[in-house]
Number of protein chains: 2
Amino acid sequence: MDGSRRDPDRPRRSRPVRVAEEIKQWVVERDLKRGAKLPSESEMIGLFQVSKGTVREAMRILEAQGLIVTRTGPGGGSFVGEVSAERARSLLANYFYFQDLSLADIYQMRRALEPELAASLAGQLDKAQLDELQALAERHPQPAQSPEEEKQQHVASLEFHARLSELADNRLLGFVIGFMARILTDLTVYRRLYEPPNVELWQRGRRHQLDLVAALRDGDAVRARAVMASHMAGAEAMMAAQEAQIMRQFMAE
Amino acid sequence: MDGSRRDPDRPRRSRPVRVAEEIKQWVVERDLKRGAKLPSESEMIGLFQVSKGTVREAMRILEAQGLIVTRTGPGGGSFVGEVSAERARSLLANYFYFQDLSLADIYQMRRALEPELAASLAGQLDKAQLDELQALAERHPQPAQSPEEEKQQHVASLEFHARLSELADNRLLGFVIGFMARILTDLTVYRRLYEPPNVELWQRGRRHQLDLVAALRDGDAVRARAVMASHMAGAEAMMAAQEAQIMRQFMAE
DNA sequence: TAAGATTTGTTCGTATGTATC
DNA sequence: GGATACATACGAACAAATCTT
């Protein structure tokens, strides 16, 4: 009887992967914070009794996950590096590359979450933040003259939502909304989305953003929520005309 | 004048990282699907004119992101591998390790999303799925006798929500809810969460799950949404007693 | 069962690049 | 500019896993 036979479904983890896990644990155990220095390559070789190549593969694994950053030169080495929101979005986008998301799916989420964000932001922002949002909303006062301009304006509108998401106190709520804004932006930039410019709906959208900033300024959560809900309903109607579109792209880092 | 000076803020990307990006693009350009074979190590060496070590580091990067899997032996090599939901959750958890999420944040999201999921599932499930959910809800008919048992029951309850999330047609909605269920499960298992067993609230939660399955069976979206909303309100009250808890752990793969 | 073929896995020695002092 | 301390990259050799015969 050999109890140590491994499950053939779960392939044997290679040494670099195991070393990466050990390093991760090594960091967690010591509760190292962002910027803390990890042992050097040669120290790792001694610590884990593996060759340089194996250590380097392990480091690349951690680096790909955004957990460490590496610098050359004296005083260089590997350091604990906070995973950036941008990297997290990229890694998550890889997952949805295979998932056949539709625009309807995204708008179902936005309908549920964006009003919540709007309400939670009322009365929480300082003047500079409110002014910045207002400036974003006030760009492109004129209706688009060409499909290209239309595209730009739509990206700008999504930027408004992305900025809003960064201000969220609830980082999970902010991340999910920012993630959706990014997907929609990529779709707008790389694909032709919103082909038929709909001037009237566009104007309503712009109006909504300005109304929202006003409500946030007044600290009126109820109105902020209502305005955003109405905005989402309008945007969704804009989508309804579009075919169900599939996300199918690796998104660059 | 040297126009090719690089920005010192954005460190030079190492060769393995660049090769990984090229391979990724190589795959996207050819629209390779899950299971498609990539060039062998030796072919990569020729293709990108780099050493074996560099190729291997590049492969580890892609592997860490879940984009490829690798097998040894004849017929082995690297293959396009769909990113699993489990891996996506792990990678995202790495991000939130640094983000100071509170239980209040998670429950704000659940309040907004779980009722939406419940409503969208009404009338969409077959008998086997409904029976499975019912079986999950019917576990632990008796109130917990010990803190340990209490913990087990709470994990089981979260399993109900996790299973529900897998059934979602909207993969983004399902993923986010599943992610939260996982975080809460980890917190329950690794930390002492819900220390004071509250029998009454627990019973209400169990009742809600059974009511929800019944509503789903009837295809009654309105009732499903209402039941879930009530369930979330109850669960949140359960949380209110708890201190604001911080997520602070790398979550294992 | 055993041998051979194929492909990834791991090590080591050496050389080069890069940033600091 | 030179010395120093790191990571980066290469190439050759050997080990291990796995499929075929």
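Details of the structure are given in the entry above.
Rules of the game
Residues numbered from 1 in each chain as written. Chains lettered and ligands numbered in written order. Predicted model: local features only at pLDDT ≥ 70, side-chain atom pairs only at ≥ 80, totals over all residues. Heavy atoms only, no water. Contact = heavy atoms within 4.5 Å. Buried area = accessible area lost by both parts, 1.4 Å probe. Salt bridge = Lys/Arg side-chain N within 4 Å of Asp/Glu carboxyl O. Helix = DSSP H or I, 4+ residues; strand = E, 2+ residues; numbered from the N terminus. Expected span 1.5 Å × (residues − 1). Buried < 20%, exposed > 50% of the residue type's maximum accessible area, 1.4 Å probe, protein only. Phe/Tyr/Trp six-rings, centres within 6.5 Å; stacked < 30°, edge-to-face > 60°.

**Q** I'd like to hear about the interface of chain B and chain A, residue by residue, with values.
**A** Facing the 52 residues of chain B at the interface are 52 residues of chain A. Approximately 4,900 Å² of surface area, both sides summed, lies buried where chain B meets chain A, with 65% of it carried by carbon and sulfur atoms. At the boundary of chain B with chain A, the tally comes to five salt bridges. The residue Arg60 of chain A makes a salt bridge to Glu57 of chain B at a minimum N-O spacing of 2.9 Å. Elements with a minimum of two residues in the side of chain B that touches chain A: helix H1 (15-29), helix H3 (52-64), helix H4 (85-96), helix H5 (103-121) and helix H8 (171-190) of chain B. Considering every element that reaches the side of chain B that touches chain A, the biggest residue donor is H5 of chain B, with nine residues.

**Q** Outline helix H7 (residues 147-166) of chain A, supporting the account with residue identities and numerical values.
**A** The terminal C-alpha atoms of H7 of chain A, which comprises 20 residues, lie 29 Å apart, in line with the 28 Å expected from a rise of 1.5 Å per residue. Listed as buried for H7 of chain A are Glu150, Gln153, His154, Val155, Ala156, Ser157, Leu158, Phe160, His161, Leu164 and Ser165 of chain A.

**Q** How would you explain the packing of aromatic side chains if you had to name every residue and give the values?
**A** Applying the stated criterion across every chain, the model contains 12 aromatic pairs over all chains. A centroid spacing of 5.2 Å and a plane angle of 40 degrees characterise the contact between Tyr95 of chain A and Phe175 of chain B, whose relative ring orientation is tilted. One end of the pair, Tyr95 of chain A, is in helix H4 (residues 85-96); the other, Phe175 of chain B, is in helix H8, on a second chain. According to the relative accessible area criterion, Tyr95 of chain A is buried, its value standing at 4%. On the basis of relative accessible area, Phe175 of chain B is assigned to the buried category, the value being 4%. Centroid distance Phe96 of chain B to Phe179 of chain B: 5.8 Å. Interplanar angle 45 degrees. Geometry classified as tilted. Note that Phe96 of chain B is positioned in helix H4 and Phe179 of chain B in helix H8, a separation of 83 residues in sequence. Residue classification places Phe96 of chain B among the buried residues on the basis of a relative accessible area of 2%.

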